[in-house]
Amino acid sequence: DPQTGGVVAMASWPSFDPRWFVQGMTKQQYHMRFNLPRDGSPALNRAENQVYAPGSTFKSFTALAALKSGVANESSYYPCPSVYYYPGDATHTPFHNFEGGSSVMQLATALKVSCDTVFYGFGASFFDKSRSAGSGTDFLSNDLLPFGFGSPTGIDLPFEPAGTLPGFDYALQHKSIYPYGWLAGDSILTAIGQGAVAVTPLQLATAYSAIANGGKLCRPHLADHIETPDGKTVKTITPRCHPIPYTAQQIQFVRGALTGVTTAGGTAGTAFAGFPISVAGKTGTAQRPPFQDTAWFAGMAPAGAPKYVVVAMVEQGGFGGITAAPIVRHIMEGLFHLPQTNPIKAGP
């Protein structure tokens, strides 16, 4: 629930039989719970205590940061070539566009079709701006911190990691990983949710809830109230939300752009074809070598006044629009009491 942070549902697969804790576990059952990767480590709650690169789902927040910092605006056109090269890079390192490439496009279209090279340019601009400002300044990470990245959400569950929001300071603290400091390429990859960026699915859902509710970050919680054995309520869990430093216009613009993702021509257009409720969302296909790509989709509905935010992540699931987006559609069909449609089948 983006208005309160209340978790309506949370699930992680593969799972295991909880009766094992009551009946006792065999040695085989004990090892199966923690055996990764063969048995999938079903004791691990992937929704809340495992981090992953968010891929292109992160672009929604890069877009907001770009609008806030003046790196981008709503009306300008940006090049979307098949390959991006950082200006002045003597190594001429190519940054490829996952979705191909075309001529130029506005920011809303870049989100709809998920043009990597547009966002590479934003990452480079943030790098140049921060470097010019001097030591201790990191415009991109500073603008992304209000969404909760790099910090635990504070949910009422144990073992929640902080995730990683890298930048100039992070590189200074991890010199063994960044022996040359924070480079332009690092900022370029951060802008598309790759590199060292790491989030939990719950963190991503919490951040998207801030887009859904118009600009407030709410602490997620499972408990709704506490009652005595005879049913008397002794405590109600109240929402804990605070505003983030983004304007209503910026939030509304990005949410409107994300509505295009689920329409014809958008990266989740096929998954949501014929869906009777407008959905705003973003696909993500995050590289995770040596494994297959992580599939993501973050969606909110109804798009104009979201009642729910739903995030699906599938390890080694391939394309977000093919694997994760249909899962979110099915969940929304259940939430809104709609007929269940046939799922789009992913490959092996």
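These lines cover the structure that appears in this document, whether it is placed above or below. (Residues numbered from 1 in each chain as written. Predicted model: local features only at pLDDT ≥ 70, side-chain atom pairs only at ≥ 80, totals over all residues. Heavy atoms only, no water.)

## Looking at the packing of helix H3 (residues 59–69) against helix H5 (residues 116–133)
One can describe the packing of H3 onto H5 by two numbers: an axis separation of 11 Å at closest approach and a directional angle of 45°. What the angle tells us is that H3 and H5 run oblique. Relative to H5, the crossing made by H3 is left-handed. In contact with Lys59, Thr62, Ala63, Ala65, Ala66 and Ser69 of H3, H5 contributes Asp116, Phe119, Phe122, Phe126 and Lys129. Partitioned by chemical class, the residues of the contact of H3 with H5 number six nonpolar, two polar and three charged. (Axes fitted to C-alpha atoms, helices over the stretch in contact; angles between N-to-C directions. Helix = DSSP H or I, 4+ residues; strand = E, 2+ residues; numbered from the N terminus. Parallel < 35°, antiparallel > 145°, perpendicular 65-115°, else oblique. Left-handed = near helix turned anticlockwise from the far one by under 90°. Contact = heavy atoms within 4.5 Å. Nonpolar A, V, L, I, M, F, W, Y, C, P; charged D, E, K, R; others polar.)

## With respect to unusual backbone geometry
One can expect most non-glycine residues to show negative phi and most peptide bonds to be in trans. Here Trp13 and Pro14 are connected by a cis peptide whose omega angle stands at 0°. For Pro14, the position within the fold is in the segment before helix H1 (20–23). Across the junction of Pro289 and Pro290, the peptide omega takes the value 10°, indicating a cis bond. The residue Ser114 is not glycine, and still its phi comes out positive at about 60°. Owing to a relative accessible area of 4%, Ser114 belongs among the buried residues under this scheme. You will see that Gln316, though not glycine, has its phi angle at about 55°, which is positive. On the accessibility criterion, Gln316 (35% relative accessible area) is partly exposed. (Buried < 20%, exposed > 50% of the residue type's maximum accessible area, 1.4 Å probe, protein only.)

## Concerning the environment of Gly154
Turning to its location among the elements, Gly154 is positioned in the loop between helix H6 (139–144) and helix H7 (168–173). Look at Gly154 and you get partly exposed, because its relative accessible area is 22%. When the C-alpha atoms of Gly154 and Thr117 are compared, they prove to be 34 Å apart, with 37 residues separating the residues in sequence. Residues in contact with Gly154, not counting those within four places in the same chain, are Glu160, Arg219 and Pro220.

## Brief notes about the sheet that holds strand E10 (residues 291–301)
Strand order in the open sheet formed by three strands is E9-E10-E11, with antiparallel pairing between adjacent strands. The open sheet is flanked by strand E9 (280–288) and strand E11 (308–314), the only strands paired with a single partner. Across the sheet, the mean angle separating the axes of adjacent strands is 10° when strand polarity is ignored. Pairing between E9 and E10: eight bridges, direction antiparallel. Each bridged residue has a counterpart across the sheet, and for Ala286 the counterpart in E10 is Thr294. (Pairing = 2+ DSSP bridges.)

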